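These are the residues of each chain, in order.
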Amino acid sequence: MTDAVEGQLVLPQGSRAAGAGLRFKYWPGEGAEKAVVLIAHGYAEHLGRYEHVAAALTRAGFAVFAIDHWGHGKSEGEPGFVPAFSVYLDGLDALLAEAKATHADKPFFLVGHSMGGLIAANFLPSRQAEFAGAILSGASIKAVDDPSPLLLMVGRVLSKLAPKAGLIPLDPTLVSRDPEVVADYIADPLVYNGKISARLGSEMIDAMSFALDNAAAVSIPLLILHGGADGLTAPEGSVLLNDRAASSDKTLKIYDGFYHEIFNDPDKEDVIAGMIGWLNAHA
């Protein structure tokens, strides 16, 4: 694997987090680069947890760009909180511009996992023309347990009055069936193990509604993946997104028995190989 290049993006004026620095990495593809893959990671984690995914992609001839979202990993911002969900979209937009500066002649693909899948589902309705296809993994489109109307109301009130108040913790044991992955996740200093703030929770709920309400505007090729035993994001959300997307070329695959992080679960090699096969067919 060719050495990665690490750099910093700056959110532009007009962003709700204007001026914030965001870490990104670029892994060159081996040989003649056939296409570019952008990776948007999930809530509480960071781009470093996708090194093995990037390695497989680069061996297959794909250039890879990944970002630490605002408030995640080595980027600026407050973990567990976001002033507005649009800040994540601004970061993805900055990453796309960075990649296009050196790879404008290549087709682009977007890979989003968990909250990164939700970011992708909010980004694509207005920006899909810039991509040859998108892959969503365990996308946060629907909660496993729908919050009650009372909890939703309380969350929205707190989002305005005490936006940084912590509400919901993430259970790390639901990340993967592999105990080593769970142990590494808990011990990783760049992983946030606190609670989701009232503001972020409220913003994510609105983003979920937007993704489903606007899925019919998405017509590019889609590969939608989900673990069948995912206890953090409901597989039904991926089914709904697949059903509503206007794409004529769309594939939904539910991996029976897999937990949330299908790229880190046992038999992850099959998942990654399947993704690369799909990318090769669409590049």
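So, how was this worked out
Residues numbered from 1 in each chain as written. Predicted model: local features only at pLDDT ≥ 70, side-chain atom pairs only at ≥ 80, totals over all residues. Heavy atoms only, no water. Phe/Tyr/Trp six-rings, centres within 6.5 Å; stacked < 30°, edge-to-face > 60°. Helix = DSSP H or I, 4+ residues; strand = E, 2+ residues; numbered from the N terminus. Buried < 20%, exposed > 50% of the residue type's maximum accessible area, 1.4 Å probe, protein only. Lys NZ or Arg CZ within 6 Å of the ring centre and 35° of its normal. 1 Å grid on protein atoms, 1.4 Å probe; cavity = no way out; pocket = protein on both sides within 12 Å on 5 of 7 lines; lining within 4 Å. Points joined across faces, edges and corners; volume = space filled by probe spheres on them. Nonpolar A, V, L, I, M, F, W, Y, C, P; charged D, E, K, R; others polar. Salt bridge = Lys/Arg side-chain N within 4 Å of Asp/Glu carboxyl O. Pairing = 2+ DSSP bridges. Axes fitted to C-alpha atoms, helices over the stretch in contact; angles between N-to-C directions. Patch = residues over 30% accessible without salt bridge, like charges linked within 9 Å, V, L, I, M, F, W, Y side chains within 5 Å. Areas by Shrake-Rupley, 256 points an atom, 1.4 Å probe, with all protein chains shown as cover.

Below, the discussion takes up the packing of aromatic side chains. Enumeration over the complete set of coordinates arrives at 7 aromatic pairs. Residues Phe-109 and Trp-278 carry aromatic rings whose centres are separated by 6.2 Å and whose planes lie at 75° to one another, so their mutual orientation is edge-to-face. With a gap of 169 residues between them, Phe-109 in strand 5 (residues 108-113) and Trp-278 in helix 8 (residues 268-282) connect regions that are remote in the sequence. Both residues of the pair, Phe-109 and Trp-278, belong to the buried class. Looking at Arg-177, its charged tip hangs above the ring of Phe-258, at a distance of 4.7 Å from the centre. For Lys-253, the ring lying beneath its charged end belongs to Tyr-255, and the centroid distance is 4.9 Å.

With that out of the way, let us pick up empty space enclosed by the protein. If you roll a probe as big as a water molecule over the atoms, it shows you where there is empty space left. As enumerated under the stated definition, the model contains 2 cavities of 30 Å³ or more in all. Taken together, Ala-121, Leu-124, Leu-136, Ala-211, Ala-215, Val-218, Leu-222, Leu-241 and Ala-245 form the lining of the largest cavity. By residue class, the composition of the lining of the largest cavity is 9 nonpolar, no polar and no charged. When its volume is computed, the second largest cavity comes out at roughly 40 Å³. Surrounding the second largest cavity, Glu-45, Arg-49, Tyr-50, His-113, Glu-261, Ile-262, Phe-263 and Asn-264 form its lining. Looking at the lining of the second largest cavity, its residues break down into 3 nonpolar, 2 polar and 3 charged.

Scanning the model with the defined rule gives 12 salt bridges in all. Across the salt bridge formed by Glu-130 and Lys-100, the nearest N and O atoms sit 2.8 Å from each other. Residue Glu-130 is found in the loop between helix 3 (115-127) and strand 6 (133-137), and its partner Lys-100 is found in helix 2 (residues 86-103); the two are separated by 30 residues along the sequence. Linking Lys-268 and Glu-269 is a salt bridge whose minimum nitrogen-to-oxygen distance equals 3.9 Å. Each member of the salt-bridge network shares a partner with another, and the members are Asp-93, Lys-100, Arg-127 and Glu-130.

One open sheet accounts for 8 strands, arranged 1-2-4-3-5-6-9-10; its pairing is mixed. Only two strands of the sheet have a single neighbouring strand rather than two, namely strand 1 (5-10) and strand 10 (250-255). Within the sheet, the average angular offset between the axes of one strand and its neighbour, ignoring direction, is 20°.

Another aspect to go through is the layout of surface pockets. In this structure, the largest pocket spans a volume of roughly 1,000 Å³. Together, 42 residues line the largest pocket, and Ala-143, Ile-168, Ile-196, Met-208 and Leu-232 are the ones closest to its centre. For the lining of the largest pocket, the element with the most residues is helix 6 (residues 198-213), which contributes 8 residues. Of the residues assigned to the lining of the largest pocket, the class counts are 23 nonpolar, 12 polar and 7 charged.

Let us look at a nonpolar patch on the surface. Among the surface-exposed residues, Leu-150, Met-153, Val-154, Val-157 and Leu-161 lie close enough to one another that they form a single nonpolar patch of about 510 Å² accessible area. Tracing the backbone through its elements, the reader meets Met-153 in helix 4 (residues 149-161).

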